[in-house]
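As a plain string of letters, each chain reads:
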Amino acid sequence: MTLSASTGIKRVLLSWSSGKDSAWTLYQLQRDPTVEVVGLLTTFNGEFNRSAIHGVRQQLLRLQAEAAGLPLIEIPLPWPCSNEDYESLMGAALDNARIQLQIDAVAFGDLYLEDIRNYRESKMRGTGLELLFPLWQIPTDQLARQMIAGGLKAAITCLDPRVMPEHFAGAQFSTQLLENLAKNVDPCGENGEFHTFAWDGPMFSKPIAVVGGEVVKRDGFVYADLLLEEGP
């Protein structure tokens, strides 16, 4: 008998990108007495050992999972990666998670993009797993300020220079940043304007001490590297 069957508490696997939305989703789930987060699921570029979209070093994601007190299920993706490869690897990882972690549901930090939610629902249909979207359709200006007021700390690791000035790469996610964003930029970057790495907040037992590294332009995007701060 699984924990969920004996207590009525859902065992949840959280899709983890390393960014603020994933971190805030974790915090909301941690505060929900009807669920228990039992693991984090992340994809990364197997060629460069960095998170697939955010460009964050895999070492830092492992430190996030450690600070959250959760196992990190890592899915290495080939480079380049076809949709078929992605879906096959993701399906296998979810099958393993169902057995190893006895999960009932998978949670995502999606905010309002219907096509992404529909894609997830279509691919998960028939698995028997419930899909959770704790942040769904919260107005993003309101959500961004809730995150900051709630103690979430994050840095921009990737941005689209077509919609944001390059000097924002590496900037902290803050009230000042929100005030300086152009009106066509979503406050949470939901349309891909920017991505972040969450290094501290109420979802973690301790901060991940990072410092800014090299800023590079690659494949049309600007990436700000983050490095683990060396001790004294």
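This structure is a prediction, so every number in the text was calculated from the model and none was measured.

A. Up close: the pattern of salt bridges. Taken as a whole and judged by the stated rule, the model has twelve salt bridges. A salt bridge links K123 to E87; the nearest nitrogen and oxygen atoms lie 3.5 Å apart. Taken together, the residues K123 in helix α5 (residues 114-124) and E87 in helix α4 (residues 83-100) connect sequence positions 36 residues apart. Linking K217 and E166 is a salt bridge whose minimum nitrogen-to-oxygen distance equals 3.4 Å. Taken as a pair, K217 in strand β9 (residues 210-218) and E166 in the loop between β7 (153-159) and α7 (175-180) lie far apart in primary sequence, 51 residues in all. Through salt bridges with shared partners, a single ionic network connects R50, R57 and D225.

B. Looking closely at the pairing of β7. For β7, the tally of buried residues reaches six of seven residues, placing the bulk of the element in the interior. As defined by bridge partners, β7 adjoins strand β8 (residues 194-200) across six bridges and the pair is classed as antiparallel. Looking across to β8, one finds that A155 is bridged to F197. As judged from the two bridges shared by β7 and strand β10 (residues 221-228), these two strands associate in the antiparallel manner. Across the sheet, L159 pairs through a bridge with V222, a residue of β10.

C. Molecular detail of helix α2 (residues 20-30). In terms of residue burial, α2 counts as a mostly covered element, since nine of its eleven residues are buried. When α2 is considered as a whole, its buried residues turn out to be K20, D21, S22, A23, W24, T25, L26, Y27 and L29.

D. Geometry of the packing of α2 against helix α6 (residues 140-149). The interhelical angle for the contact between α2 and α6, taken along N-to-C directions, is 70°, at an axis separation of 11 Å. Classified by the interaxial angle, the pair formed by α2 and α6 is roughly perpendicular. Along the contact surface, α2 presents K20, D21 and W24, while α6 presents L143, Q146 and M147. When the residues that make up the contact of α2 with α6 are grouped by side-chain class, the tally is three nonpolar, one polar and two charged.

E. Summary view of the state of the cysteines. Under the defined criterion, the tally for this structure stands at zero disulfides. The thiol of C158 is not disulfide-bonded; the next cysteine sulfur, from C188, is found 16 Å away.

F. How the structure looks around the pairing of strand β2 (residues 35-45). β2 sits mainly inside the fold: ten of its eleven residues count as buried. Sheet analysis places strand β1 (residues 10-15) next to β2, joined by six bridges and oriented parallel. Paired with R11 across the two strands is E36, which belongs to β2. Once the chain exits β1 it traverses α2 before rejoining the sheet at β2, and the crossover so formed is right-handed. Of the pairings in the sheet, the one linking β2 to strand β4 (residues 72-77) comprises six bridges and is parallel in character. Its bridge partner being in β4, T42 is matched across the sheet by E74. In this sheet, strand β3 (residues 50-51) lies alongside β2 in antiparallel orientation, the contact comprising two bridges.

G. Up close: unusual backbone geometry. Phi is positive for Q102, close to 55°, though the residue is something other than glycine. Of note, Q102 is situated in the loop between α4 and β5 (105-107). Assessed through its relative accessible area of 36%, Q102 is described here as partly exposed. A positive phi angle, near 55°, is found at D219, a position not held by glycine.

The rules behind each value
Residues numbered from 1 in each chain as written. Predicted model: local features only at pLDDT ≥ 70, side-chain atom pairs only at ≥ 80, totals over all residues. Heavy atoms only, no water. Salt bridge = Lys/Arg side-chain N within 4 Å of Asp/Glu carboxyl O. Helix = DSSP H or I, 4+ residues; strand = E, 2+ residues; numbered from the N terminus. Buried < 20%, exposed > 50% of the residue type's maximum accessible area, 1.4 Å probe, protein only. Pairing = 2+ DSSP bridges. Axes fitted to C-alpha atoms, helices over the stretch in contact; angles between N-to-C directions. Parallel < 35°, antiparallel > 145°, perpendicular 65-115°, else oblique. Contact = heavy atoms within 4.5 Å. Nonpolar A, V, L, I, M, F, W, Y, C, P; charged D, E, K, R; others polar. Disulfide = S-S within 2.5 Å. Right-handed = clockwise from strand over helix to strand, strands pointing away.

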